[in-house]
Amino acid sequence: MIPCTDFIPAYSEMFKYLESRDGKEAVVDFWTYLSDNFLDNLREEAAKNGIRGCWNYWSRTLNEEAADFTMTVDDEEGAFSIVMHHCPSKGRLLAFEHIEPYRDYCEHCDLLYRRVLEPMGFTYEPDFSEVDQAKCSIVIRKKG
Amino acid sequence: MPKEVMVRNAPDNAYLHKDFHGALSTGIEYIHNRYGEEAVREYLRQFTRAYYAPLIEEIKERWLPALRAHYAQVYADEGGEVIIEETADELLLRVPFSPAVRHMREHGYMVARLFHETVKTVNETLCEGTPFAAELVEYDQETGRSVQRFYRRAS
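First, a word on what this report is: a plain description of the structure on this page.

1. Here we look at the overall build of chain B
- Per the secondary structure count, chain B includes six helices and five strands.
- The order of α-helices and β-strands along chain B, N terminus first, is β-α-α-α-α-β-β-α-α-β-β.
- The principal-axis extent of the C-alpha atoms belonging to chain B is close to 70 × 35 × 30 Å.
- For chain B, buried positions account for 33% of its 155 residues.

Here it is as structure tokens:
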């Protein structure tokens, strides 16, 4: 059995495997499949509770992932943000000495969540300029 | 509702996000659909050789006790159960249910048709280059209940 605590390296190695088969296109195709088939809980939260649904979704996942973050929601402004001071996934991958993270590992977040939220009337603005230090941020806003 | 802020430091929580089992299962199903059954096993062999390389070295040095310690920890961390029977030449793991499969069933995640390969292929690959081999003696697709056997290869 692969424990959930070993999922992140399994995920990163899966990206490498797919790229070795059919290039980056296969990796992006998988991320699209994952977004469509795995993120129903985010989709349902956002549909039911709007911007507060983002707070509900990430409140659970980031705490279970023992992330180091500041998360803010403003219902009146229709805005939600995460400042990830230390991403547990990328941080874990960077800490391993015997495996290298997949080169474009952090891109999966952008595709997975943008693909769910933008068709539902949200904007999704990430800042991935410091992912080499396991830091990033996202701002999600309800349009209109 | 007013503006709300949540601040967390890494040590505030334990690292245990079981939804990851659902993501791995979705990935296995994707590889199965796109490239076929053998590709799932190929991916799992590559992953195991790369990520579990330190464990494989430990198995080469300490043999079955290293495997026993690894899986006792894995099932304990996941809130599962495992009954372990061990002799000098054989290690038997009786797992009443898979914590991964249980979580996926309870939360409505798709369980990949080849999810059992995360047991079978991973165990077989962990034994590569050692005096031991692995066999998945029993596996129940609904619950992930399994009997896993590690035994000394015939010389």
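2. Things to note about the interface of chain B and chain A
- Between chain B and chain A, the contact holds 40 residues from the first and 39 residues from the second.
- Where the side of chain B that touches chain A is concerned, the elements lending two or more residues are strand 1 (4–8), helix 1 (19–35), helix 2 (37–51), helix 3 (53–62), helix 4 (64–77) and helix 6 (117–126) of chain B.
- For the side of chain B that touches chain A, the element with the highest residue contribution is helix 1 of chain B, accounting for nine residues.
- Bridging between strand 1 (residues 68–74) of chain A and strand 1 of chain B involves five bridges; their strand directions are antiparallel. Across the sheet, residue V73(A) finds its bridge partner in strand 1 of chain B, namely E4(B).

3. So, the sheet that holds strand 5 (residues 146–152) of chain B
Residue and element names in this part refer to chain B.
- Pairing within the open sheet is antiparallel, and its four strands lie in the order 2-3-5-4. The strands lining the two open edges of the sheet, one partner per strand, are strand 2 (83–86) and strand 4 (132–139). Strand-to-strand twist of the sheet, defined as the mean angle between neighbouring strand axes without regard to direction, takes the value 15°.
- As paired elements, strand 4 and strand 5 share seven bridges and run antiparallel to each other. Opposite E138, over in strand 5, you have V147 as the bridge partner.
- Lying over the sheet, helix 4 contacts strand 2, strand 3 (90–95), strand 4 and strand 5, oriented at roughly 10° with respect to strand 3.
- Of the strands in this sheet, strand 4 and strand 5 are in contact with helix 6, which crosses strand 4 at around 165°.

4. Observations regarding the pairing of strand 4 (residues 136–142) of chain A
All names here are of chain A.
- With six bridges joining them, strand 2 (residues 79–86) and strand 4 adopt antiparallel strand pairing. Following the sheet pairing, S81 is matched in strand 4 by V139.
- As defined by bridge partners, strand 3 (residues 122–127) adjoins strand 4 across six bridges and the pair is classed as antiparallel. The residue of strand 4 that forms the bridge with F122 is K142.

5. Overview of unusual backbone geometry
Residues and elements named next belong to chain A.
- Of note, the phi angle at A66 is positive, near 50°, even though the residue is not glycine.
- Positionally, A66 belongs in the loop between helix 4 (51–64) and strand 1.
- The phi angle at A134 is positive, at roughly 60°, despite the residue not being glycine.
- If you trace the backbone, A134 turns up in the loop between strand 3 and strand 4.
- Among the residues examined, A134 registers 21 C-beta atoms within 10 Å and is labelled buried.

Cut-offs and rules
Residue positions are given per chain, counted from 1 along the sequence in the order it is written. For naming, the first written chain is A and the first written ligand is 1, with later ones following in the order written. Local features in this predicted model are restricted to residues of pLDDT 70 or higher, and side-chain atom pairs are both shown and tallied only at a pLDDT of 80 or more, whereas totals for entire chains, interfaces and linings draw on every residue. Helix numbering and strand numbering both begin at the N terminus, where a helix is a DSSP run of H or I of at least 4 residues and a strand a DSSP run of E of at least 2. In this scheme the burial state of a residue depends on its C-beta neighbours within 10 Å: 20 or more other such atoms mean buried, 12 or fewer mean exposed, and anything in between means partly exposed; the C-beta positions come from the backbone. Contact definition: two residues whose C-beta atoms, as placed from backbone geometry, lie within 7 Å. Two strands pair under a simple rule: DSSP has to find at least two bridges between them. The convention used is that axes are lines fitted to C-alpha atoms, helices contributing only their stretch in contact, and that angles between N-to-C directions extend from 0 to 180 degrees.

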